[in-house]
Amino acid sequence: MAWVLLIVAGLLEVGWSIGMKYTEGFTRLWPSVFTGMGIVASMMLLSQAAKTLPIGTAYGVWVGIGAAGAAVLGMVVLNEPVTAARIFFVCLLLVAVVGLKATSGH
């Protein structure tokens, strides 16, 4: 169950990180409210997952999902540059996330 919570927390991190773009420096009310709710929910789920998973693994996976997801959505939704190097490093992040899970002992 901790892994499910951690994956959902990572997906919420993707949501709030992309949401920050729409807050315009937290000057727009509803995007700011939804982004803040995403931050709180993501942190709460991360803290629940970290009760049973090693913190280094939990945090690394959370950050990896968030960074990779934000990079991909940035390219797909926000028209950020799509380059071979960016795709390579996103894949490298995903390999690291899988590696942390595989070596966590859980």
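Numbering of residues starts from 1 in each chain and follows the order in which that chain's sequence is written. The predicted nature of this model means local features are confined to residues of pLDDT at least 70 and side-chain atom pairs, given and counted, to a pLDDT of 80 or more, with totals for whole chains, interfaces and linings taken over all residues. Only hydrogens and water are set aside when side-chain values are computed; all heavy atoms of the structure are taken into account.

**Considerations on the packing of aromatic side chains**
Where we set the bar: What counts as a ring pair is set by centres within 6.5 Å for rings of Phe, Tyr and Trp (its six-membered ring), and what kind of pair is set by the plane angle: stacked under 30 degrees, edge-to-face over 60, tilted for all other angles. Labels follow the DSSP assignment, with helices taken as runs of H or I lasting at least four residues and strands as runs of E lasting at least two, numbered in each case from the N terminus. Relative accessibility thresholds used throughout: buried, under 20% of the residue-type maximum; exposed, over 50%; partly exposed, between the two (1.4 Å probe, protein chains only). Placement of a charge over a ring requires the Lys NZ or Arg CZ to be within 6 Å of the ring centre, with the centre-to-atom vector within 35 degrees of the ring normal.
A full pass over the atoms with the stated rule returns 3 aromatic pairs. Look at Trp30 and Phe34: their rings are 6.1 Å apart centre to centre, the planes differ by 35 degrees, and that puts the pair in the tilted class. In this pair, Trp30 and Phe34 are both assigned in helix α2 (residues 29-49), 4 residues apart and thus about one turn of the helix distant. When its relative accessible area of 55% is taken as the criterion, Trp30 is described as exposed. Geometry around Trp3 places Lys101 over its ring, the cationic atom sitting 4.7 Å from the centre.

**Notes on the UniProt feature "transmembrane region" (unreviewed entry) in the chain**
For clarity, the cut-off: UniProt positions are given in the numbering used here, feature names are shortened, and annotations may be inferred rather than shown by experiment.
As annotated in UniProt, the feature "transmembrane region" (unreviewed entry) corresponds to residues 29-47, 59-78 and 84-103 in the numbering used here. End-to-end, the C-alpha atoms of residues 29-47 are 27 Å apart, and along that stretch the chain is 100% helix and 0% strand. Helix makes up 90% of residues 59-78 and strand 0%, whereas the separation of the span's terminal C-alpha atoms amounts to 26 Å.

**So, the nonpolar core**
To keep things clear, this is the line we draw: Working definition of a nonpolar core: buried Ala, Val, Leu, Ile, Met, Phe, Trp, Tyr and Cys residues. They are joined through side-chain atoms within 4.5 Å.
By size, the foremost hydrophobic cluster in this structure holds 13 residues, and its most contacted members are Leu6, Leu46, Leu53 and Val61. Secondary structure elements with two or more residues in this core: α1 (2-23), α2 and α3 (55-76). When residues of this core are assigned to their parent elements, the largest contribution, 5 residues, is made by α1.

**Some remarks on the side chain of Ser42**
We count it as follows: In this description, contact between two residues means that some pair of their heavy atoms is separated by no more than 4.5 Å.
With respect to the element layout, Ser42 can be found in helix α2. Here Ser42 falls in the buried class, since its relative accessible area comes to 0%. If we ignore the near neighbours within four places in the chain, the residues touching Ser42 are Ala9, Leu12, Glu13, Trp16 and Trp62.

**Thoughts on the confidence of the model for the chain**
Fine structural detail should not be taken from predicted coordinates in areas where pLDDT scores are low. Just so we agree on the cut-off: Per residue, pLDDT captures the predictor's confidence, and it can take any value from 0 to 100.
Per-residue confidence for the chain gives a mean pLDDT of 96; residues scoring 70 or more make up 99%. Here helix α4 (residues 84-102) stands out as the least confident element of the chain, with mean pLDDT 95; α2 is the most confident, with 98.

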